[in-house]
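This is what each chain is made of:
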Amino acid sequence: MRGFDDLQAELDEMRKEGTFRQLVTLQSEQGARVVINGREVIQLSSNNYLGLTDHPRLKQAAIDAIEKYGVGTGSVRTIAGTLIMHQELEKKLAAFKHTEASLVFQSGFTTNQGVLSAIVSEDDVVISDELNHASIIDGIRLTKAARSVYKHVDMISLERALADTQHYRKRLIVTDGVFSMDGTIAPLPKIVKLAAKYDALIMVDDAHASGVLGENGRGTVNHFGLDGKVDIQVGTLSKAMGVLGGYVAGPQVLIDYLIHKGRPFLFSTSHPPAVTMACIEAVNVLIEEPERIEKLWTNSEFFKQGLRSLGFNTDKSETPITPVMIGDEVLTLKLADKLLENGVFAQGIVFPTVAKGQARIRTIVTSQHSKADLEQALRAFEKAGMELSIIR
Ligand code: PMP
């Protein structure tokens, strides 16, 4: 089509090399098993860590909110779109995270963009782990601040970056709490020490740690006993919390500033009542049903050990995110297809989501999986891995 020849050529190239993908479509609700192409398969690709996407209490909270408040808010937060439940959720999240205040954004992605683009400028530097999420990378691109990237969780590399950037007005270290493609945990105690030594601020994106690590899933900061020692905590409401949205938790001054300068907050319509009330209920469930988190971790250990004893390389994963490292993109996608044929939905992750040569199958177990589900999934991995000579 006229004007799109370059895009077409790139897509044709992807088709030729076998990396063009159709979207996988679910024909059921999320859960330990989902329906794809009319067949029930084991779900190992969602971030629904605690099975909250269809929790009866969250669903009822959403239904009640629709009945009482309707389906939309009709405005951005700063004009006429702040409803009573937005503030209730923010108070709840601040208490949950042990911070003074919090602010909800439309998604985790826009939270990182909104925070980073607002709080640093041309006199400052952002010091970022090389494997940070795309929303952090894009958030940094939106600022005029300088950027320094350190090697993944490498504290020697971080210290060098801090030492080299002393001439900037403000240094902001930013890291994922749990890394979304590797399942590694940021070494926050060491980062906190280095930040104190070099007078830097710390921002942690706990998208994959909220609901997973720390007391009742409070996240990595709480997990390491560092409440009050990390300046900015970002979280998402779309993964373990089962709904949609993102938030930042921190000091009141930061939140007041973001209400005035956080661009997605200022210029995009607020969350509908149903979403917001379901998120409030998600926090209640985290506090009242800690057994979900225990089950998540039991499942995670069982599955990770199972993959390792089959001979798969799961790299340094320490959390329920377990990558099965393959390297080659086409082989990775072939493995994903074979797994699906064998009743397991585990997505192949390729460039640009991960670096070239680092293609992998990313698995995420949830608290909803039974031992039988996980054993069946391991058998499917064994069969597909042998057929493709990835394991022997
Ligand atoms: N940060 C990290 C580390 C993530 O993995 C994700 C989700 N892909 C996000 C932020 C964005 O969160 P959301 O999906 O809520 O926009």
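Residues numbered from 1 in each chain as written. Predicted model: local features only at pLDDT ≥ 70, side-chain atom pairs only at ≥ 80, totals over all residues. Heavy atoms only, no water.

Undergrad: For this particular structure, what's the right way to read empty space enclosed by the protein?
TA: The gaps left among the atoms become clear once a water-sized probe is rolled over them. Under the definition given, this model contains one cavity of 30 Å³ or more. Empty space within the largest cavity amounts to approximately 70 Å³. Arg77, His86, Val104, Phe105, Gln106, Phe265, Ser270 and His271 together form the lining of the largest cavity. Broken down by class, the residue content of the lining of the largest cavity amounts to three nonpolar, four polar and one charged. (1 Å grid on protein atoms, 1.4 Å probe; cavity = no way out; pocket = protein on both sides within 12 Å on 5 of 7 lines; lining within 4 Å. Points joined across faces, edges and corners; volume = space filled by probe spheres on them. Nonpolar A, V, L, I, M, F, W, Y, C, P; charged D, E, K, R; others polar.)

Undergrad: I keep staring at helix α14 (residues 371-387) and nothing clicks. Help me out?
TA: For α14, built from 17 residues, the straight-helix expectation of 24 Å at 1.5 Å per residue is met to within 8% by its first-to-last C-alpha distance of 24 Å. Where α14 terminates, the next one or two residues include Ser389, which has phi positive at roughly 55 degrees. (Helix = DSSP H or I, 4+ residues; strand = E, 2+ residues; numbered from the N terminus. Expected span 1.5 Å × (residues − 1).)

Undergrad: Looking at this model, I keep getting lost on the packing of aromatic side chains. Mind explaining?
TA: Aromatic rings considered in pairs are described by the distance between their centres and by the relative angle of their planes. In total, this model carries three aromatic pairs according to the counting rule given. On the basis of an interplanar angle of 80 degrees and a centroid distance of 5.7 Å, the ring pair of Phe312 and Phe381 is categorised as edge-to-face. Of this pair, Phe312 sits in the loop between α12 (291-310) and β10 (321-327) while Phe381 is found in helix α14, placing the two residues 69 residues apart along the sequence. What makes Phe312 buried here is its relative accessible area of 5%. An aromatic cluster is built from Phe303, Phe312 and Phe381, whose rings are joined through pairwise contacts. Here the guanidinium or amino end of Arg15 rests over the ring plane of Phe20, the centre of that ring lying 4.0 Å away. (Phe/Tyr/Trp six-rings, centres within 6.5 Å; stacked < 30°, edge-to-face > 60°. Buried < 20%, exposed > 50% of the residue type's maximum accessible area, 1.4 Å probe, protein only. Lys NZ or Arg CZ within 6 Å of the ring centre and 35° of its normal.)

Undergrad: Mind showing me how you'd approach the UniProt feature "modified residue: N6-(pyridoxal phosphate)lysine" (unreviewed entry) in the chain here?
TA: Mapped onto this numbering, the UniProt entry annotates "modified residue: N6-(pyridoxal phosphate)lysine" (unreviewed entry) at Lys239. Note on placement: Lys239 falls in the loop between β8 (232-236) and β9 (246-250). (UniProt positions renumbered as here; feature names shortened; annotations may be inferred.)

Undergrad: Help me understand the site of the ligand in this model?
TA: Among the 15 residues in the neighbourhood of the ligand, the closest are listed as Phe109, Asp205, His208, Ser238 and Lys239. In this structure, His208 approaches the ligand through a side-chain N or O atom, which is 2.8 Å from an oxygen atom. Contact between the ligand and Ser238: an oxygen atom at 2.8 Å from a side-chain N or O atom of the residue. For the ligand, the protein covers 83% of the area, taking 390 Å² as the surface of the free molecule. Of the residues assigned to the shell around the ligand, the class counts are two nonpolar, ten polar and three charged. (Near = heavy atom within 4 Å. Polar contact = N/O pair within 3.5 Å; in protein donor to acceptor, adjacent residues only side chain to side chain. Areas by Shrake-Rupley, 256 points an atom, 1.4 Å probe, with all protein chains shown as cover.)

Undergrad: Explain the environment of Thr111 here, please?
TA: With respect to the helices and strands, Thr111 occurs in helix α4 (residues 108-119). Judged by relative accessible area, Thr111 falls into the buried class, the value being 0%. Taking C-alpha positions, Thr111 is 9.5 Å from Asp205, a pair spaced 94 residues apart along the chain. Setting aside its immediate chain neighbours within four residues, Thr111 contacts Phe105, Val234, Gly246, Tyr247 and Val248. (Contact = heavy atoms within 4.5 Å.)

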